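Read off the chains here:
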Amino acid sequence: MNTRILTTLTFCAILLLTNRWLSYQEGIDILKAADTNSYMTIAQAAPALPSLAPEAFLPTNHTARFVVPYIAGTIAHFSGISNERLFLLATLFFCGVVIWACHAMLEELGCTDSQYALAMALLIFNPYMFRYYLAVPAMVNDVVFVAGLALTLLGLVRGGFGMVLAGGLLAIAGRQNALVFLPALGLWMVLGEKWRTGGVVRSLTRFGIVAAGIVAVYVVIGLIIAPFSVRGMEGDAIMGFVRWVFAPSVGKAKVFAEYFLRTIICLLFPIMILFAAAVVRRLRGVKITDFFTWMPREFWLSMLFVAALYGFAFLGGPELFMSGVTRYVSHALPAMVLAFAFAMKRYNLFSDVEPSLMLALGALCAMGSFHHMTTFGGTTSDKAMYFAVMYCILAIFAGVIAFVALRQKS
């Protein structure tokens, strides 16, 4: 078997064997996955659409993600398989799509075996990427969005218009967040290495088709869900942070510090490792600013996707998104891993370091994946700060080991 596939399967096996597997109700009670009430209502009504009294209407920010719950519910209706089991199967399938797409991106970039293993460890062992959805599979829509994003990125890396279009449509079926990354998508389709043949007009036309398709699906979904939906928190999700800033209250500095940590912690491992690489280059006479300036264009285009999704998560503000913002930021992880891969290729990072140091980096990633709520039977969030501190320490150690590994490189 191919070494890379074996590595990925091993990482996946560790993830699956150490994850919690909750029932539908436990997901609501323990992990506060209240969104699943709306998804289950849609699934239970399938193959019809929900027929609800006005006071029981579902929020539009939930019903706009009706496609996969509706399909799962329809299959359950005709097959006799429970909705819960269909949600789990869908979650496993779309998690597999994310992993396959990232595997294909790393192959397309021509990463070495060690570079590939590190990038996949950063993806699979991130405690916010897959563990939550495996524990609460009825939240499958988030994974559908991430799968669509990953396919979109793969299409951009390959220069494949059809895959970009398919990924974008899948992403908007999962979550409305797909609208947020359209500017980054447009810039890549105009400026990306694989998209400059044929001229700017052709690139803009292709982007226009993708953007029109995504917006059209969004509009059609809005028309379908109108009879059983009531406006949700869409406005608050965009203006929540601004409203929080100007609202009178005390202790804002402490609240903001916690909110900022929650938004950044998901990306901390790749950030610390990249910082270590920049410091090593600085010791060799390259300014840290130049280290990033000299990155390939696709690195920055990937980071635009990260910035778009990070910004969307951050703008909800601590009053609305405090408990869930880390999960929202995790949606950007495939783009962050892609940017990380471009950085490794640009500077030939981790291509010939000692195996023991690479093993140590992988072990740290694996240790960091053991989230207090989604592994080993935790039932409350009272250990959240403990986990955050330990995760930050592990990320710092990862940066130190990366520094040593890259410093020893000839």
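In this numbering scheme, every chain counts its residues from 1 along its sequence in written order. Owing to the predicted nature of the model, reporting of local features is limited to residues with pLDDT of at least 70; listing and counting of side-chain atom pairs is limited to 80 or more, with chain, interface and lining totals taken over all residues. Water and hydrogen atoms were dropped before computing side-chain values, which therefore reflect all heavy atoms in the structure.

A. A look at the confidence of the model for the protein. For the protein, per-residue confidence averages 91 on the pLDDT scale, and 97% of positions sit at 70 or higher. The score called pLDDT rates the predictor's confidence residue by residue, from a low of 0 to a high of 100. Put simply, DSSP H or I for four residues or longer makes a helix, DSSP E for two residues or longer makes a strand, and each gets a number counted from the N terminus. Averaged over each element, pLDDT in the protein is lowest for helix α13 (residues 234-246) (73) and highest for helix α9 (residues 140-158) (97).

B. Main features of a nonpolar patch on the surface. Without a salt bridge and with relative accessible area above 30%, a residue can belong to a patch; like charges are then joined within 9 Å and nonpolar side chains (Val, Leu, Ile, Met, Phe, Trp, Tyr) within 5 Å. For the area figures, the Shrake-Rupley method with a 1.4 Å probe applies, and any residue is considered shielded solely by the protein chains shown. By definition here, a salt bridge exists when the distance from a side-chain nitrogen of Lys or Arg to a carboxyl oxygen of Asp or Glu is within 4 Å. Taken together, the side chains of Met385, Tyr386, Val389, Met390, Ile393 and Phe397 make up a nonpolar region of the molecular surface, amounting to roughly 600 Å² of accessible area. Note that Val389 resides in helix α22 (residues 384-408). Relative accessibility thresholds used throughout: buried, under 20% of the residue-type maximum; exposed, over 50%; partly exposed, between the two (1.4 Å probe, protein chains only). Overall, the relative accessible area of 43% leaves Val389 in the partly exposed class.

C. Expanded view of unusual backbone geometry. The residue after Ala46, namely Pro47, is reached through a cis peptide bond having omega 10 degrees. Along the chain, the position of Pro47 falls in the loop between α3 (35-45) and β1 (58-59). A positive phi is found at Lys32, a non-glycine position, where the angle reads about 55 degrees. One non-glycine residue with positive phi stands out, namely Phe350, at about 60 degrees.

D. Broad picture of the packing of helix α1 (residues 3-18) against helix α7 (residues 113-124). Think of each axis as a best-fit line through the C-alpha atoms, taken over the contacting stretch in the case of a helix, with angles from 0 to 180 degrees between the N-to-C directions. Direction vectors running N to C along α1 and α7 enclose 20 degrees, while the axes themselves pass 10 Å from each other. Accordingly, the angle class assigned to the pair α1 and α7 is roughly parallel. You can see that α1 and α7 cross each other, and the crossing is right-handed. Together, Arg4, Thr7, Thr8, Phe11, Cys12 and Leu15 of α1 and Asp113, Tyr116, Ala117, Met120, Ala121 and Ile124 of α7 make up the contact between the two elements. Working definition: roughly parallel below 35 degrees, roughly antiparallel above 145 degrees, roughly perpendicular at 65 to 115 degrees, and oblique for all remaining angles. Handedness of a helix crossing follows the sense of rotation of the near helix relative to the far helix, less than a right angle counterclockwise being left-handed and clockwise being right-handed. Here, two residues are considered to be in contact whenever any of their heavy atoms come within 4.5 Å of each other.

E. How the structure looks around α7. Given the number of residues in a helix, its expected span is that number minus one, multiplied by 1.5 Å. When the terminal C-alpha atoms of α7 are compared, their 16 Å separation across 12 residues agrees well with the 16 Å that a helix rising 1.5 Å per residue should span. α7 sits mainly inside the fold: 10 of its 12 residues count as buried. Among the residues making up α7, those that are buried are Ser114, Gln115, Tyr116, Leu118, Ala119, Met120, Ala121, Leu122, Leu123 and Ile124.

F. Here's a closer look at the nonpolar core. The biggest cluster of nonpolar side chains holds 139 residues, and the ones touching the most others in it are Leu123, Ile124, Phe130, Leu185, Trp188, Phe305 and Phe350. With 14 residues, the single largest contributor to this core is helix α6 (residues 83-109). If we skip the residues at most four places from it in the chain, Leu123 touches Ile99, Cys102, Met129, Phe130, Leu333 and Val337. Nonpolar core, defined: a set of buried Ala, Val, Leu, Ile, Met, Phe, Trp, Tyr and Cys residues in which side-chain atoms within 4.5 Å join the residues together.

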